[in-house]
Amino acid sequence: VTSPCKILKCNSEFWAATSGSHHLGTEEAPEFCTALRAYAHCTRRTARTCRGDLAYHSAVHGIDDLMVQHNCSKDGPTSQPRLRTLPPGDSQERSDSPEICHYEKSFHKHSATPNYTHCGLFGDPHLRTFTDTFQTCKVQGAWPLIDNNYLNVQVTNTPVLPGSSATATSKLTIIFKSFQECVDQKVYQAEMDELPAAFADGSKNGGDKHGANSLKITEKVSGQHIEIQAKYIGTTIVVRQVGRYLTFAVRMPEEVVNAVEDRDSQGLYLCLRGCPLNQQIDFQTIRSAQATEGRARRKGPSLPAPPEAFTYETATAKCREKLPVEDLYFQSCVFDLLTTGDVNFMLAAYYAFEDVKMLHSNKDKLHLYERTRDLAPGNTAPTGTHPTLWVALLCLSQCWLCLL
């Protein structure tokens, strides 16, 4: 899946041409304004194909702000920006970040260690929210995962098989907003078969500000696994490509999670509120049908057969190879194998759980056992019942039958 939206090209040209420009003297300000007008012109050329792109709308607002800050006229020359090669020792290698660019040092000098939360999205797709609610959702198309004062994350989910409503994440856009003297606005975008190890402008850190290295990208496995550290907001993001699709996991302080200007407008922020009820899938009912019938059952009527047929027994055996504990990650693995026939979904569930082990601050909550379907307003729900309780109830019922 490729997008005709060319906003990343516009971003790259502008950042390459103005790298370091906010340090220029006033006599060189016209050069910055020229590049800014070229940037605006580039965004207008791609406006029609970028209507639903989060990075595009962020760029448009950012241009307006920069125009005002630098007192630039909207009328004037718009020569194409000249690409600039970063000299040796540029800010890509800086390590002299001010204290305010380290979340724990600056925000929590005199208080307890912040409470970190985790959100993850993987597979067909399965969502674990910041409140440890586990859901399986449809959410086809573009949806916001995170939307707060510091960053935006948007995913695009596309059908896995022709004619099927089974979806998986094919595109991911992350926008880190400009923050004090720490970082410039940065955009990261990944698509199927394209997992860059750099931001859209080619940089690997937060830009030319003194705290640039408080935002860094590290490539763990080429084309398969990247990690983004945003120390200025105490946040770690892991993005993987498993098979053809992407997975997302984040560790973020509660203070940052809840840093929103208008809580009422955050209803579709999936990591915070979960999927809307009409987008949720009755995971347990479908799983029971799969186990009973031994074949794939899904969200709609008569779907095309997956390329590789799994029975419930073979899917269970396959998932147990990587996920020995039969928790919701294991169940998601079985569900996805029956639905798609793609063994890479087993790996997606496995790596999602590996990311939970690395990112979740409460090691007692790594395993979740019963999916919770949100019923209350605001999509909040209690944690489900542990399988041990069901075993105990079964034993009691057997004992009662014996007495009868």
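To be clear, the structure that these remarks concern was listed above.
Numbering of residues begins from 1 in every chain and follows the order in which that chain's sequence is written. Under the rules for a predicted model, residues below a pLDDT of 70 receive no local features and side-chain atom pairs below 80 are neither given nor counted, while totals for whole chains, interfaces and linings still include all residues. Only hydrogens and water are set aside when side-chain values are computed; all heavy atoms of the structure are taken into account.

Q: Even after reading the chapter, I still don't get the overall build of the chain, so can you show me in this structure?
A: Counting from the N terminus, the helices are DSSP H or I runs at least four residues long and the strands are E runs at least two residues long. Helices and strands together make up the secondary structure of the chain, namely eleven helices and eleven strands. Partly exposed describes any residue whose relative accessible area lies between the buried limit of under 20% and the exposed limit of over 50%, with all areas from a 1.4 Å probe on protein chains only and scaled to the type maximum. When burial is assessed residue by residue, the chain has 50% of its 404 residues classed as buried. Contacts: residue pairs with any heavy atoms within 4.5 Å of one another. The long-range fraction of contacts in the chain, counting pairs at least 24 apart against all pairs at least 6 apart in sequence, stands at 62%. Carbon and sulfur atoms make up 53% of the accessible area of the chain, which totals about 19,200 Å². Note on areas: these come from Shrake-Rupley sampling with a 1.4 Å probe, and a residue is covered only by the protein chains present in the view.

Q: Would you mind showing me how to read the sheet that holds strand 4 (residues 141–147) here?
A: Strands belonging to one sheet form pairs held by backbone hydrogen bonds; the direction of such a pair is parallel or antiparallel. Sheet architecture is open: four strands sit in the order 4-5-6-7, paired in antiparallel fashion. The sheet is open, and its two edges are formed by strand 4 and strand 7 (186–191), each paired on a single side. Mean inter-strand twist for the sheet, computed between neighbouring axes without regard to direction, equals 20°. Strand pairing follows a simple DSSP-based rule, namely that at least 2 bridges must link the two strands. With six bridges joining them, strand 4 and strand 5 (residues 151–159) adopt antiparallel strand pairing. By the bridge assignment for strand 5, Asp147 is matched with Asn152. Working convention: axes come from line fits to C-alpha atoms, limited for helices to the stretch in contact. Angles between N-to-C directions cover 0 to 180 degrees.

Q: I'm lost on the state of the cysteines in this one. Help?
A: Among covalent bonds in proteins, the disulfide is the one between the sulfur atoms of two cysteines. The disulfide criterion is simple: two cysteine sulfur atoms within 2.5 Å. For the structure shown, the criterion picks out six disulfides. Between Cys33 and Cys72 runs a disulfide, and the two sulfur atoms are separated by 2.0 Å. Across the S-S bond linking Cys33 and Cys72, the dihedral sits near -75°, which makes this disulfide left-handed. Of this pair, Cys33 sits in helix 2 (residues 29–45) while Cys72 sits in the loop between helix 3 (54–69) and helix 4 (103–107), and the two are 39 residues apart along the sequence. A relative accessible area of 12% means that Cys72 is categorised as buried. Here Cys101 engages in a disulfide with Cys182; their sulfurs sit 2.0 Å apart. Across the S-S bond of Cys101 and Cys182 the torsion is about -95°, and the bridge reads as left-handed. Here Cys182 lies in the loop between strand 6 (167–176) and strand 7 and Cys101 lies in the loop between helix 3 and helix 4, a separation of 81 residues in the sequence. Assigned by exposure class, Cys101 and Cys182 land together as buried.

Q: In this structure, what is going on with the nonpolar core? I would like to understand it.
A: Looking at soluble globular proteins, one finds that nonpolar side chains tend to be buried together. If you look at the biggest cluster of nonpolar residues, it comprises 48 residues, and the most contacted ones within it are Leu145, Ile146, Leu151, Ile174, Phe176, Tyr232 and Phe248. In contact with Leu151, not counting residues within four places along its chain, are Ile146, Ile174, Ile175, Phe176, Lys177, Ile233, Ile237 and Met252. Working definition of a nonpolar core: buried Ala, Val, Leu, Ile, Met, Phe, Trp, Tyr and Cys residues. They are joined through side-chain atoms within 4.5 Å.

Q: Is there a simple way to think about helix 8 (residues 312–322) in this case?
A: Residues spaced three or four apart along an α-helix face the same direction, because each turn holds 3.6 residues. Those residues of helix 8 not exposed but buried are Ala315, Thr316 and Cys319. Along the axis of helix 8, the buried residues cluster in a sector spanning 100°; they form a single face. Along helix 8, exposed side chains directed more than 90 degrees from the buried face belong to Glu313 and Glu321. Tucked into the core, helix 8 has its buried residues touching helix 9 (328–340) and helix 10 (344–359). Note that the arc is defined by the directions from the helix axis to the C-beta atoms.

Q: Where do I start with the pattern of salt bridges in this structure?
A: Working definition: two side chains of opposite charge can pair if their charged atoms are close together. Take a side-chain nitrogen of Lys or Arg and a carboxyl oxygen of Asp or Glu: if they are within 4 Å of each other, that pair is a salt bridge. A complete count under the given rule lists nine salt bridges for this structure. Taking the shortest distance from any N to any O, the salt bridge between Lys171 and Asp53 comes out at 3.3 Å. Of the two residues, Lys171 is situated in strand 6 and Asp53 in the loop between helix 2 and helix 3; the sequence distance between them amounts to 118 residues. For the pair Lys171 and Asp53, a shared accessibility class is recorded, and that class is buried. Lys365 serves as the salt-bridge partner of Asp132, at 3.9 Å between the closest nitrogen and oxygen. Taken together, the residues Asp132 in the loop between strand 2 (126–128) and strand 3 (134–136) and Lys365 in the loop between helix 10 and helix 11 (387–403) connect sequence positions 233 residues apart. A cluster of three or more residues bridged by salt bridges with shared partners is formed by Arg128, Asp132 and Lys365.

Honestly, it's all geometry; don't read function into it.
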